[in-house]
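Okay, here's what each chain looks like letter by letter:
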Amino acid sequence: MTVKIIAEIAQAHDGSLGMAHSYIDALAKTGVDAIKFQTHIAEAESSIFEPFRVKFSKQDESRFDYWKRMEFTLSQWKELKQHCDDVGLEFMSSPFSNAAVDVLEEVGISSYKIGSGEVSNLLLLEKIAQTGKPVILSSGMSSYEELDDTVSFLNSKGVDFSILQCTTSYPTKPDQYGLNVIQELKERYKVHVGYSDHSAEVGTGIAAVALGADILEFHAVFNKEMFGPDVSSSLTISEIELLVRSVRNFEKALKNPIDKSDNSEFKDLKAIFEKSLAINKNLDKGHIITFSDLEAKKPAKKGIPASKFQDVIGKETTRVIKQWEFLNLEDIK
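Residues numbered from 1 in each chain as written. Predicted model: local features only at pLDDT ≥ 70, side-chain atom pairs only at ≥ 80, totals over all residues. Heavy atoms only, no water.

Looking up the protein in an unreviewed UniProt entry gives the name N-acetylneuraminate synthase, with the organism given as Seonamhaeicola algicola.

What follows is the structure, encoded as structure tokens:
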């Protein structure tokens, strides 16, 4: 299958609708298949007891205020969805509450991405299962035991789902990639498996695809000096262009295997670049050829093939041979 490439804007828009539209325009030029947002409704997903409710920016009094600032209205979400439609990209968003699912259903989403922190939220998964739409499940915080329970639940509901190997560490270091898990997940659950990348390195996504990822997801940012919780684990637009091009080239290579036993297409090149035996010094008639007398020169078929040099060592010359002349069978006995 063709790898599905998802660029996640998440909160990179910093609450600005105009910025969100700018991301859609920029990412549409990179060749990605889908753009993913996150749909946060602060009151529905968070409480005053959440330890994450701390001041972490100059603009927001708390993390809760930050989530509030990240919210868009239903009409704004519809604008963003329409923009994605207009540029030929799938609009995706991760809901973090049942209320967010209601919003996304109004928007007209075609599939759901479940964030790592929601894998055990069976209430949310039940809500999504009721929509009958496909699910992409991120496994970043989950053990196999927890994934088994969620997979069992999704199977019982008849949900069409895939799973992403993901490491919830921002940015993810090489010893945390868990690229080996891609095949483990495929073998364990017999579903399509992808890779959700937080490494901020182009090579990680390429490696994941080479190791069998059917889906590739990563965060996008205009500039790594921008503000936001995902900036350090994001790829820039130019890096995304390189990643997409590399993945598509890899796919094309796999679809066009080379038959190494057949090199007929190189016949003309071989005639130019392969070499024939020549003599590197003036030799008298009757000289016994040694290894140190020999050179190999382009092109092929002007003398004895260079691959046959051992056959001429110890042979006697039948004529005077000048330096750099080719050596042919009639020149030896």
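This part covers the packing of aromatic side chains. Describing an aromatic ring pair means giving the distance of the ring centres and the angle of the ring planes. Evaluation of the coordinates by the stated rule reveals seven aromatic pairs. With a centroid separation of 5.8 Å and an interplanar angle of 35 degrees, the aromatic rings of Phe37 and Phe91 are classed as tilted. Taken together, the residues span a long stretch of sequence, with Phe37 in strand β2 (residues 34-39) and Phe91 in strand β3 (residues 90-95) at a distance of 54 residues. Take Phe37 and Phe91: they sit in the same class, and that class is buried. Judged by centre distance (5.9 Å) and plane angle (70 degrees), the ring pair of Phe291 and Phe309 falls under edge-to-face. Of this pair, Phe291 sits in the loop between β10 (276-279) and β11 (294-297) while Phe309 sits in helix α12 (residues 309-312), and the two are 18 residues apart along the sequence. (Phe/Tyr/Trp six-rings, centres within 6.5 Å; stacked < 30°, edge-to-face > 60°. Helix = DSSP H or I, 4+ residues; strand = E, 2+ residues; numbered from the N terminus. Buried < 20%, exposed > 50% of the residue type's maximum accessible area, 1.4 Å probe, protein only.)

Take the domain arrangement of the protein next. Under the domain assignment, the protein is made up of domain 1 (4-255) and domain 2 (264-331). The centre of domain 1, based on its C-alpha atoms, is set 64 Å off from the matching centre of domain 2. (Domains from an automatic or database assignment.)

Moving on, we get to the pairing of strand β1 (residues 4-8). Note on strand geometry: in a regular strand, side chains alternate between the two faces of the sheet. Burial analysis of β1 places four of its five residues in the buried class, which makes it a mostly covered element. Alignment of β1 against strand β8 (residues 215-220), held across five bridges, turns out to be parallel. Within the sheet, the bridge partner assigned to Ile6 lies in β8 and is Glu217. Of the pairings in the sheet, the one linking β1 to β2 comprises three bridges and is parallel in character. Bridge pairing links Ala7 to Ile35 in β2. Handedness of the crossover is the feature at issue here: the chain leaves β1, passes through helix α1 (residues 17-28), returns alongside β2, and the resulting connection is right-handed. (Pairing = 2+ DSSP bridges. Right-handed = clockwise from strand over helix to strand, strands pointing away.)

In this section: the side chain of Ser94. With respect to the helices and strands, Ser94 occurs in strand β3. On the basis of relative accessibility, which here comes to 1%, the residue Ser94 falls in the buried class. There is a polar contact of 2.7 Å between the side chain of Ser94 and the side chain of Lys36. At 3.0 Å, the side chain of Ser94 forms a polar contact with the backbone oxygen of Lys113. Once residues lying within four places of it in the same chain are set aside, the contact partners of Ser94 are Lys36, Phe37, Gln38, Thr39, Lys113 and Gly115. (Polar contact = N/O pair within 3.5 Å; in protein donor to acceptor, adjacent residues only side chain to side chain. Contact = heavy atoms within 4.5 Å.)

Taken N-terminus to C-terminus, the directions of helix α5 (residues 98-107) and helix α6 (residues 122-129) make an angle of 20 degrees; their axes are 9 Å apart at the nearest point. With respect to each other, α5 and α6 are oriented roughly parallel. In the crossing of α5 with α6, the sense of the turn from one axis to the other is right-handed. Touching Asn98, Val101 and Asp102 of α5 are Leu123, Leu124, Lys127 and Ile128, all from α6. Residue composition of the contact of α5 with α6, grouped by class: four nonpolar, one polar and two charged. (Axes fitted to C-alpha atoms, helices over the stretch in contact; angles between N-to-C directions. Parallel < 35°, antiparallel > 145°, perpendicular 65-115°, else oblique. Left-handed = near helix turned anticlockwise from the far one by under 90°. Nonpolar A, V, L, I, M, F, W, Y, C, P; charged D, E, K, R; others polar.)

This brings us to the pattern of salt bridges. Side chains that carry opposite charge are capable of pairing whenever their charged atoms lie near each other. Under the definition given, this model contains 20 salt bridges. The partner of Lys157 in a salt bridge is Glu126, with the nearest N and O atoms 3.1 Å apart. You can see Lys157 sitting in the loop between α7 (144-156) and β6 (161-166) and its partner Glu126 sitting in helix α6, a full 31 residues away along the chain. A residue is classified by how much of its surface remains accessible, and Lys157, at 40% relative accessible area, is partly exposed. For Glu126, a relative accessible area of 22% corresponds to the partly exposed category. One salt bridge connects Lys281 with Asp293, and the closest N-O pair in it is separated by 3.2 Å. Here the residue Lys281 occupies a position in the loop between β10 and β11, and Asp293 occupies one in the loop between β10 and β11, the gap between them amounting to 12 residues. By relative accessible area, which is 3% here, Asp293 ends up buried. (Salt bridge = Lys/Arg side-chain N within 4 Å of Asp/Glu carboxyl O.)

In contact at an axis separation of 10 Å, α1 and helix α4 (residues 74-86) are set at 15 degrees when each is read in the N-to-C sense. The angle between the axes of α1 and α4 places the two elements in the roughly parallel class. Note on packing geometry: the crossing formed by α1 with α4 is right-handed. Contact residues: Leu17, Ala20, His21, Ile24 and Asp25 in α1; Gln76, Glu79, Leu80, His83 and Cys84 in α4.

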